[in-house]
Amino acid sequence: GPAAGTDTVAESVRSQRAAVLGIGQVGELDLEASLFDLGVDSMLALDLRNRLKRTIGRTVSLATLMGEITGDELVAQLAGADECPETTQKVDISRD
């Protein structure tokens, strides 16, 4: 699919996060706040994951969403920050 730029991803993270939390004003949500601090539980995290998959065609693990990940970090991961250390474990380099 088309590559989603960071701005597109950030916009989607903001709006979908507001939607799952039931917040009308998207601008009220701080991207520096962790999802955990915002009160995202496993059900909401799952909902958010599905929404992001639907809107930008990208997703992160549920464990990632349930961790102390902030909106900014989520955007970075979804935008495909390949230098992100978290992504290295998904790449199977060793064939033993």
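Everything here concerns the structure above.
Just so you know, these numbers come straight off a predicted model, no measurement behind them.

Reading the values: the criteria
- Residues numbered from 1 in each chain as written.
- Predicted model: local features only at pLDDT ≥ 70, side-chain atom pairs only at ≥ 80, totals over all residues.
- Heavy atoms only, no water.
- Helix = DSSP H or I, 4+ residues; strand = E, 2+ residues; numbered from the N terminus.
- Contact = heavy atoms within 4.5 Å.
- Axes fitted to C-alpha atoms, helices over the stretch in contact; angles between N-to-C directions.
- Parallel < 35°, antiparallel > 145°, perpendicular 65-115°, else oblique.
- Left-handed = near helix turned anticlockwise from the far one by under 90°.
- Salt bridge = Lys/Arg side-chain N within 4 Å of Asp/Glu carboxyl O.
- Buried < 20%, exposed > 50% of the residue type's maximum accessible area, 1.4 Å probe, protein only.
- Arc of directions from axis to C-beta.
- Core = buried A, V, L, I, M, F, W, Y, C linked by side-chain atoms within 4.5 Å.

(A) Representation of the side chain of Thr-70. Looking at the element boundaries, Thr-70 is found in the loop between α3 (62–66) and α4 (71–78). Beyond its immediate sequence surroundings of up to four residues, Thr-70 is in contact with Leu-31, Glu-32, Ala-33 and Ser-34.

(B) Main features of the packing of helix α1 (residues 6–21) against α4. One can describe the packing of α1 onto α4 by two numbers: an axis separation of 9 Å at closest approach and a directional angle of 130 degrees. Taken as axis vectors, α1 and α4 run oblique relative to one another. With respect to the hand of their crossing, α1 and α4 are arranged in right-handed fashion. Listed contacts from α4 to Thr-6, Val-9, Ala-10, Val-13 and Arg-17 of α1 are Gly-71, Leu-74, Val-75 and Leu-78.

(C) Quick peek at the pattern of salt bridges. Enumeration according to the criterion identifies 1 salt bridge in this entry. Residue Asp-47 is joined to Arg-51 by a salt bridge in which the shortest nitrogen-to-oxygen separation is 3.3 Å. In this pair, Asp-47 and Arg-51 are both assigned in helix α2 (residues 42–56), 4 residues apart and thus about one turn of the helix distant. For Asp-47, a relative accessible area of 30% corresponds to the partly exposed category.

(D) Representation of the packing of α1 against α2 within the structure. Interaxial distance between α1 and α2 falls to 9 Å at its minimum, and their mutual angle equals 140 degrees. One way to sum up the angle between α1 and α2 is to call them oblique. As α1 packs across α2, the resulting crossing turns out to be right-handed. For the pair formed by α1 and α2, the contact residues are Val-9, Ser-12, Val-13, Gln-16, Arg-17, Ala-19, Val-20 and Leu-21 on the first element and Leu-44, Asp-47, Leu-48, Arg-51, Leu-52, Thr-55 and Ile-56 on the second.

(E) Broad picture of α4. Listed in full, the buried residues belonging to α4 are Gly-71, Leu-74, Val-75, Gln-77 and Leu-78. For α4, the buried positions fall inside an angular range of 165 degrees around the axis, keeping them on one side. Packing partners of the buried residues in α4 comprise α1, α2 and α3. Looking one or two residues past α4, Gly-80 carries a phi angle of roughly 80 degrees, positive in sign.

(F) Structural detail: the nonpolar core. Core analysis: the biggest nonpolar cluster contains 17 residues, and Val-13, Leu-35, Leu-48, Leu-52, Leu-65, Leu-74 and Leu-78 have the highest contact counts within it. If you list the elements that add at least two residues to this core, you get α1, α2 and α4.

(G) Just the environment of Ile-69, in detail. Assignment of secondary structure puts Ile-69 in the loop between α3 and α4. Its relative accessible area of 5% is what places Ile-69 among the buried residues. Along the sequence, Ile-69 and Ser-34 sit 35 residues apart, while their C-alpha atoms lie 5.2 Å from each other. Apart from the residues lying within four places of it in its own chain, the contact partners of Ile-69 are Ala-33, Ser-34, Leu-35, Thr-64, Leu-74 and Gln-77.

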